[in-house]
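# Reading the structure
Take a look at the letters that make up each chain.
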Amino acid sequence: MKEPNIAADPAVLKGLDNYRTLTAAQQPTWTDAAKLQAARDELAVLPPLVFAGEVDTLRTRLAAAAEGKAFLLQGGDCAETFVDATADRIRNRVKTILQMAVVLMYGASMPVVKMGRMAGQFAKPRSSDTETRGDVTLPAYRGDAVNGYDFTSEARATDPNRMVRAYHTSASTLNLIRAFTTGGFADLRSVHEWNKGFTDNPANIRYEQLAAEIDRAIKFMDACGADFDSLKATEFYVSHEALLFDYERPMTRIDSRTGNPYATSGHFLWVGERTRNIDGAHVDFMSRIRNPIGVKLGPSTEVADVMALIEKLDPNREPGRLTFITRMGAGQIRDKLPKLVEAVKASDAKPLWITDPMHGNGMTTKNGYKSRRFDDVMDEVAGFFEVHRNAGTFPGGIHIELTGDDVAECLGGSEMIDEKTLESRYESLCDPRLNHMQSLELAFLVSEALAKR
Ligand code: TRP
Ligand code: MN
């Protein structure tokens, strides 16, 4: 049988480039135009990282979540780095997400859509174009896809080749994720294994008990002669902030089966709070790709902004197409979210609502660390559940910054990390992440909230 091969519609291609006519916030200042063009040309012919069929499946999974029949767990680094794309670190992150998914699934008796902020999260928006230390001012670090973190003029110089390296690092990260999640590692019969190597803290002990219950249930079903393929593997999706046009545009391809454009740099892309301007380049570009997409909404968001975003990004009200990721801050979520949720509920739109309890809760410690209090994170999650309960809408997921490693970046949790501890185990180049134990603890708290909803 001949494969259909639908040629790209010139109007669609023109649409994808329309962003060039608009204001694109948060773009790096590339200094070498020839190098930039060469990098874009190279990216444009590299194989896609994800396949359109997977992206379509994800859309149906998110549609289920929007309907209250599944829960989205999205987590990973604030910013991935090239040096940290090692087997151990990727494995720890995947393990952490699998463990959290099991906790949520068990508590809520609901499918959990697993998604990493992984395999593409290499570009960061910054509040300022430059950074000053003492009397030296250099370009701000914009993520490994743009420049280096070290505070030297060599490192901070932008280099378009870094986007190509980001692609290859994403490819090897995704390859390992696919191997782990389909090659036996994620078999639910290994539910105990994922906890090994982590220290014996309260969250891990609680997890052990839950794993023992799951084990018993599986053994019972085995004894019954039931053999479920669905236990052996799991779907795992990857996502990142769609920030850099010079990366996302060459990675956007026309699907030969349908003629539709897909961003093939990841399954799910989101637009940040700083780039969600309705007339800006990012929203225009996102409106033209078929992937399910997210938009971050901070405390200044007005009802009119949300309605305009829906109109532009999901004009056909397609199930699973649009996710709103709210990041209001613990102190504001109960005031700011209700009006948005109520207005959308009264409309014909049915987006997925998820909470990002990280980005609205930043603070700086007395000893100078960028941190977040675990209690504030938890309080925003609780507020998110309250608001949705009052509105009769579904709190459909969480978006968190986490690492599978034993770092100390966020304050509190049952290990009671204090300001002093940050000095010894703070690794993040960007925002503070929940460590392994704090992530598990959060999963238990969310699963309780979901169960008693
Ligand atoms: N396939 C199911 C799912 O993805 C069950 C499953 C298999 C699972 N391995 C898992 C669930 C690991 C959570 C974690 O949900
Ligand atoms: Mn962040």
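I will try to describe carefully the structure that is included in this document.

### Some details on the site of ligand 1
All residues adjacent to ligand 1 are Leu98, Val102, Met105, Lys114, Ala186, Leu188, Trp194, Ser230, Leu231, Ala233 and Thr234. Separating an oxygen atom of ligand 1 from a side-chain N or O atom of Lys114 is a distance of 3.0 Å. In the environment of ligand 1, a nitrogen atom lies 2.6 Å from a nitrogen or oxygen atom belonging to the backbone of Ser230. Protein coverage of the free-state accessible area of ligand 1, which is 350 Å², stands at 86%. Residue contributions to the shell around ligand 1 peak at 3 residues, all from helix α4 (residues 87-108). In terms of residue class, the shell around ligand 1 is made up of 8 nonpolar, 2 polar and 1 charged.

### With respect to the coordination of the manganese ion (ligand 2)
For a metal with four tetrahedral donors the ideal donor-metal-donor angle is 109.5 degrees, whereas six octahedral donors ideally subtend 90 or 180 degrees. At the metal site, the manganese ion (ligand 2) is ligated by Cys78 (SG), His359 (NE2), Glu401 (OE) and Asp431 (OD), and these contacts range over 2.1 to 2.5 Å. Donor residues binding the manganese ion (ligand 2) come from one chain and are separated in sequence as C-x280-H-x41-E-x29-D. Taken as a pair, Glu401 in strand β14 (residues 397-401) and Asp431 in the loop between α13 (419-425) and α14 (436-451) lie far apart in primary sequence, 30 residues in all. Here the two residues Glu401 and Asp431 agree in accessibility, since each one is buried.

### So, the side chain of Asn92
Along the chain, the position of Asn92 falls in helix α4. By relative accessible area, which is 14% here, Asn92 ends up buried. For Asn92, the contacting residues outside a window of four places in its chain are Phe198, Gly404 and Asp405.

### Details of the pairing of strand β1 (residues 71-76)
The element β1 is extensively covered by neighbouring structure, given that 6 of its 6 residues are classed as buried. Where burial is concerned, the two faces of β1 agree: the one with Phe71, Leu73 and Gly75 and the one with Leu72, Gln74 and Gly76 are both buried. With 5 bridges joining them, β1 and strand β2 (residues 112-116) adopt parallel strand pairing. Each bridged residue has a counterpart across the sheet, and for Leu73 the counterpart in β2 is Lys114.

### Regarding the pattern of salt bridges
Note on pairing: side chains with opposite charge can pair once their charged atoms come close. Within this structure, the stated rule accounts for 46 salt bridges. With its nearest N and O atoms 3.2 Å apart, the salt bridge here joins Arg117 to Glu401. With Arg117 in the loop between β2 and β3 (130-133) and Glu401 in strand β14, this pair connects stretches of sequence that are 284 residues apart. Judged by relative accessible area, which is 1%, Arg117 ranks as buried. Residue Glu401 is classed as buried on the basis of its relative accessible area, which comes to 0%. Three or more residues are tied together by salt bridges with common partners; here these are Asp56, Arg59, Asp255, Arg257, Arg290 and Glu318.

### Quick word on the pairing of strand β11 (residues 352-355)
Burial along β11 is two-sided: Leu352 and Ile354 facing one way and Trp353 and Thr355 facing the other are all buried. Bridge analysis of strand β10 (residues 322-326) against β11 gives 4 bridges, and the strand direction is parallel. Within β11, the position partnered with Thr323 by the bridge is Leu352.

Parameters and conventions
- Residues numbered from 1 in each chain as written.
- Chains lettered and ligands numbered in written order.
- Predicted model: local features only at pLDDT ≥ 70, side-chain atom pairs only at ≥ 80, totals over all residues.
- Heavy atoms only, no water.
- Near = heavy atom within 4 Å.
- Polar contact = N/O pair within 3.5 Å; in protein donor to acceptor, adjacent residues only side chain to side chain.
- Areas by Shrake-Rupley, 256 points an atom, 1.4 Å probe, with all protein chains shown as cover.
- Helix = DSSP H or I, 4+ residues; strand = E, 2+ residues; numbered from the N terminus.
- Nonpolar A, V, L, I, M, F, W, Y, C, P; charged D, E, K, R; others polar.
- Donors = N, O, S within 2.8 Å, 3.2 Å for Na, K, Ca; no water.
- Buried < 20%, exposed > 50% of the residue type's maximum accessible area, 1.4 Å probe, protein only.
- Contact = heavy atoms within 4.5 Å.
- Pairing = 2+ DSSP bridges.
- Salt bridge = Lys/Arg side-chain N within 4 Å of Asp/Glu carboxyl O.

Nothing here speaks to function; it is all geometry.
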